[in-house]
Amino acid sequence: MPAAKPRLLLVTDLAYQARGRRYCDEDIRLSARLREDFDVALCHPLDAVALMDAFDVVLVRNSGPVLNYRTEYEAFRSAALERGTRVYTQLTGRADMAGKQYLLDLSAAGYPVIPTVDRAEDLARLPVVPEYVVKPKLGADSIGLRIVPRDRLDTVTYDGVLVQPLIRFAYEVSFYFVDDAFQYALHAPDPEQRWRLERYEPTAADLEFAQRFIAWNTVEHGIQRVDACRTPEGELLLVELEDLNPYLSLDLVDEAVHEAFVGALKASLLRLTGTRP
C-alpha cells in the first residue's frame, strides 16, 4: 500500500470579495497542486479551531482580513500555540500578522519605510506634503483607510491609527518569498491600478532591500510578501510586510515560476511535517 500522505488543512474564505483579485481561484488551484503530496481539506477561518487537531499542518491562505473576525482569530492563535499546532505561516511573525506596529518600529529604527507615526506630537517627524494617509493599526485590504489634507490633521483622533505622508510614487513592487527564499517579483506600473501587475526583474539592490525585511521578521517557515513603492527619486520604501495571508497573484506568473513556487511551498510544508528533511 502507498505511504499515507501528511494531512493539510487549508484555511481560506472562498467567498471573500477582494478588489481586483479572485481569492477563491488562487486557493482552488493551489489546493489541487498540494493534493499531489498531501491529503487536503479546505475550511473557512471560523471553522479552523474545531477542525485543526485532525491535521498535520494548517496552511493559512486567502482567509480574508482578520479585522472581520478578530476575536475568533485570536482564539485560533491561542489554541494553536497551546496545542502545538503546526501553522504555516508560523505564528511568531512580527509584521502584519501582529498588526501595523512594526511600521512604527521599523521607521524609528531607520529602516527604509514610509515614515509613520501614531501620535499628534510626532507629526513633525513626517515630511510636509499636501495630504496624509490615516489607517487603522489593525487594518487590512485598505479597510478604514482615508486621505486627510494637511490642514485637517488636527481633526485626527489618535486611537489605534497610523499616519503617513501620501507619497506620489512611481510604482509599487512586491517580492514573494517561501521561508527566506526569494521566488518572484511583480510590479504595478500604473500607481492607480494596484492589482494590474506585471513581471518584475529585481536588481541585486532590490533583493537586498527585500531580504533585509525578511531577515528582520525571523520567520522560519511561511509565505511572506514584501510590498514597496519606488519614489520619484528612485528609492524603495516599505509599504507593507505581509506575513499572515498574502495574496500571491500566481495567475500572473509564467509556468516555470509557478512550478518553482509550488515546489518550494511543498518542500517547506513537507519539512515542517517531518516528511522530508
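Scroll up to find the structure this text is about.
Structural notes, computed from the coordinates. (Residues numbered from 1 in each chain as written. Predicted model: local features only at pLDDT ≥ 70, side-chain atom pairs only at ≥ 80, totals over all residues. Heavy atoms only, no water.)

## Focus on the packing of helix H1 (residues 23–34) against helix H6 (residues 255–272)
And then number 1: As a packed pair, H1 and H6 sit with axes 11 Å apart at the nearest point and diverge in direction by 60 degrees. Looking at the two axes, H1 sits oblique to H6. Crossing of H1 against H6: the hand is right-handed. Counted together, Leu 30, Arg 33 and Leu 34 of H1 and His 258, Glu 259, Val 262, Leu 265, Lys 266 and Leu 269 of H6 form the full contact between these two elements.
And then number 2: Partitioning the contact of H1 with H6 into residue classes produces five nonpolar, one polar and three charged. (Axes fitted to C-alpha atoms, helices over the stretch in contact; angles between N-to-C directions. Helix = DSSP H or I, 4+ residues; strand = E, 2+ residues; numbered from the N terminus. Parallel < 35°, antiparallel > 145°, perpendicular 65-115°, else oblique. Left-handed = near helix turned anticlockwise from the far one by under 90°. Contact = heavy atoms within 4.5 Å. Nonpolar A, V, L, I, M, F, W, Y, C, P; charged D, E, K, R; others polar.)

## Some points on the packing of aromatic side chains
And then number 1: Going through the model one piece at a time under the given rule, you end up with 11 aromatic pairs.
And then number 2: When the ring of Phe 177 is compared with that of Phe 182, the centres are 5.7 Å apart and the planes differ by 65 degrees; the resulting orientation is edge-to-face.
And then number 3: For Phe 177, a relative accessible area of 0% gives the class buried.
And then number 4: Of the residues examined, Phe 182 reaches a relative accessible area of 25% and is grouped as partly exposed.
And then number 5: The ring of Trp 216 carries the charged tip of Arg 94 above its face, separated from the ring centre by 4.2 Å.
And then number 6: The ring centre of Tyr 111 lies 4.3 Å from the NZ or CZ of Arg 212, which sits over that ring. (Phe/Tyr/Trp six-rings, centres within 6.5 Å; stacked < 30°, edge-to-face > 60°. Buried < 20%, exposed > 50% of the residue type's maximum accessible area, 1.4 Å probe, protein only. Lys NZ or Arg CZ within 6 Å of the ring centre and 35° of its normal.)

## Quick notes on the pattern of salt bridges
And then number 1: Enumeration according to the criterion identifies 21 salt bridges in this entry.
And then number 2: Linking Asp 25 and Arg 22 is a salt bridge whose minimum nitrogen-to-oxygen distance equals 2.6 Å.
And then number 3: For the salt bridge of Glu 121 with Arg 119, the shortest nitrogen-to-oxygen distance reads 3.5 Å.
And then number 4: With relative accessibility at 57%, the residue Glu 121 sits in the exposed group.
And then number 5: By relative accessible area, which is 38% here, Arg 119 ends up partly exposed. (Salt bridge = Lys/Arg side-chain N within 4 Å of Asp/Glu carboxyl O.)

## Examining the environment of Pro 45
And then number 1: Take Pro 45: it is sitting in the loop between strand E2 (39–43) and helix H2 (48–51).
And then number 2: Residues Pro 45 and Tyr 69 lie 24 residues apart in sequence; the distance between their C-alpha atoms is 8.8 Å.

## Considering unusual backbone geometry
And then number 1: Residue Tyr 88 is joined to Thr 89 through a cis peptide bond whose omega torsion reads 10 degrees.
And then number 2: Looking at the secondary structure, you find Thr 89 in the loop between strand E4 (87–88) and helix H4 (101–108).
And then number 3: Positive phi, normally seen in glycine, also occurs at Asp 179, with a value near 55 degrees.
And then number 4: Secondary-structure assignment places Asp 179 in the loop between strand E8 (171–178) and strand E9 (181–188).
And then number 5: Positive phi values are uncommon outside glycine, yet Ser 249 reaches one of about 50 degrees.

## Overview of the side chain of Lys 100
And then number 1: The residue Lys 100 is located in the loop between E4 and H4 in this model.
And then number 2: We classify Lys 100 as buried; its relative accessible area is 6%.
And then number 3: A polar atom in the side chain of Lys 100 sits 3.1 Å from the side chain of Asp 96. (Polar contact = N/O pair within 3.5 Å; in protein donor to acceptor, adjacent residues only side chain to side chain.)

## Observations concerning helix H5 (residues 204–217)
And then number 1: Compared with the 20 Å implied by 1.5 Å per residue over 14 residues, the 20 Å span of H5 between its first and last C-alpha is a close match.
And then number 2: Asp 206, Phe 209, Ala 210, Phe 213, Ile 214, Trp 216 and Asn 217 are the residues of H5 that are buried. What you see down the axis of H5 is that its buried residues fit within an arc of 165 degrees, all on one side. What points out from H5, more than 90 degrees from its buried face, is the exposed set Ala 204, Ala 205, Glu 208 and Ala 215.
And then number 3: Packing partners of the buried residues in H5 comprise H4, E8, strand E11 (223–230) and strand E12 (236–242). (Expected span 1.5 Å × (residues − 1). Arc of directions from axis to C-beta.)

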